[in-house]
Amino acid sequence: WAIGYPQTINCTWTVDAATHLDTCFIATYRHGVGAKGTGGERECIQPAARARSCSISDVQMFSITPYVLSVTAANPLGAATSYFHFIVEQIIKPDPPEDLTVSPIPGERKKLLLQWKPPASWPFPEYFSLKYLISYARDGGGSSNRTIGPYEQTSFNLTGLRPGTIYHLQVAAKDFTDYGKYSSWSPSVSGTPWTQL
Ligand SMILES: *[C@@H]1O[C@H](CO)[C@@H](O)[C@H](O)[C@H]1NC(C)=O
Ligand SMILES: *[C@@H]1O[C@H](CO)[C@@H](O)[C@H](O)[C@H]1NC(C)=O
Ligand SMILES: *[C@@H]1O[C@H](CO)[C@@H](O)[C@H](O)[C@H]1NC(C)=O
């Protein structure tokens, strides 16, 4: 996933058949489908030896030529390679929004103020805006779960809430231009509208 568009792509993989053999991975990528061995192959950087992820950090935006990721698993008995073709804009998926806070609004018995930050892994939120969905549910409310949005701002006043009731809230983010997918939901925060007299 391009979790840090347009700077960072995080690639992860699993192995089909688990073995007890020491397995290492060689991850490379190329942009375009030139003949093998003609250069243009770059390393996809793994955070540690034997990690099952790597990251690509020099991405060409809006290229209609696919990138090809190649991951080779090697153990003492042999090696096998898988390929994955992708267009950067189609695999945009931000990490979830961060630092959610929910606050009562003095005197407002049916409202809550929800605030959050763009994911820290999204490098340029001021140039590549995100839009957000908010999910909220009453505590113990079963099917009261509602999703609203998308919104471009990073704070929102929820209205029409039940006085004196605990609400659980989550936020998800997507690239503003609608490329790719929504992030997973953030961890939830809880709050109760203003109850004092
Ligand atoms: C990619 O994301 C996974 C899951 O969030 C994380 O564990 C891993 O460290 C990341 N890899 C790189 C190379 O950033
Ligand atoms: C609402 O329901 C969705 C789908 O079941 C779930 O992923 C989400 O966490 C729920 N939201 C809240 C605030 O509980
Ligand atoms: C939420 O309501 C408060 C109080 O009415 C107001 O000051 C604030 O600007 C509102 N925030 C948003 C994001 O609408």
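Each chain has its residues counted from 1, following the order in which its sequence is written. All chains are assigned letters beginning with A, and all ligands numbers beginning with 1, in the order in which they are written. Given that this is a predicted model, residues contribute local features only at a pLDDT of at least 70 and side-chain atom pairs are listed and counted only at 80 or more, while totals for whole chains, interfaces and linings are drawn from all residues. Water and hydrogen atoms were dropped before computing side-chain values, which therefore reflect all heavy atoms in the structure.

Caption draft 1: Region of the structure containing the overall build of the protein chain. Helix and strand assignments follow DSSP, with helices taken as H or I runs no shorter than four residues and strands as E runs no shorter than two, numbered in order from the N terminus. Summing up its helical and strand segments, the protein chain has zero helices and 13 strands in all. Counting from the amino terminus, helix and strand elements in the protein chain follow one another as β-β-β-β-β-β-β-β-β-β-β-β-β. Taken along its principal axes, the extent of the C-alpha atoms in the protein chain is 75 × 40 × 25 Å. Burial status follows relative accessibility: with a 1.4 Å probe on protein chains alone, a residue under 20% of its type maximum counts as buried, one over 50% as exposed, and anything between as partly exposed. Burial analysis of the protein chain (197 residues in total) assigns 38% to the buried set.

Caption draft 2: Up close: the environment of S70. By the secondary structure assignment, S70 is in strand β5 (residues 67–75). Distance in space between the C-alpha atoms of S70 and R30 is 8.4 Å, their sequence separation being 40 residues. Among residues more than four places away in sequence, those in contact with S70 are I26, A27, T28, T81, S82 and Y83. Residue contacts follow a heavy-atom distance rule, with two residues in contact if any of their heavy atoms lie within 4.5 Å.

Caption draft 3: Quick look at the domain arrangement of the protein chain. You can read the domains of the protein chain as domain 1 (9–91) and domain 2 (98–191). Boundary definitions for the domains trace back to an automatic or database domain assignment. In this structure, domain 1 and domain 2 have C-alpha centres spaced 35 Å apart.

Caption draft 4: View of the site of ligand 2. Near is defined per residue: the residue qualifies when any heavy atom it owns lies within 4 Å of the molecule or strand. Around ligand 2, the structure places S135, Y136, A137, N145, H168, Q170 and W185. Between ligand 2 and Q170, the relevant distance is 2.5 Å, taken from an oxygen atom to a side-chain nitrogen or oxygen of the residue. We get accessible surface area from the Shrake-Rupley algorithm with a probe of 1.4 Å; when it comes to residues, only the shown protein chains can shield them. Contact with the protein chains removes 52% of the 360 Å² of surface that ligand 2 exposes when unbound. Put simply, the parts of the chain that give the shell around ligand 2 at least two residues each are β9 (130–138) and β12 (167–175). Here the element with the most residues in the shell around ligand 2 is β9; it accounts for three residues. Here the shell around ligand 2 is built from residues that sort into three nonpolar, four polar and no charged. For the purposes of these results, a polar contact is taken to be a pair of N or O atoms within 3.5 Å, where, inside protein, one atom must be able to donate a hydrogen and its partner to accept one; residues adjacent in sequence count only when each atom of the pair is a side-chain atom. Each residue is assigned to one of three groups, with Ala, Val, Leu, Ile, Met, Phe, Trp, Tyr, Cys and Pro labelled nonpolar, Asp, Glu, Lys and Arg labelled charged, and all others, Gly among them, labelled polar.

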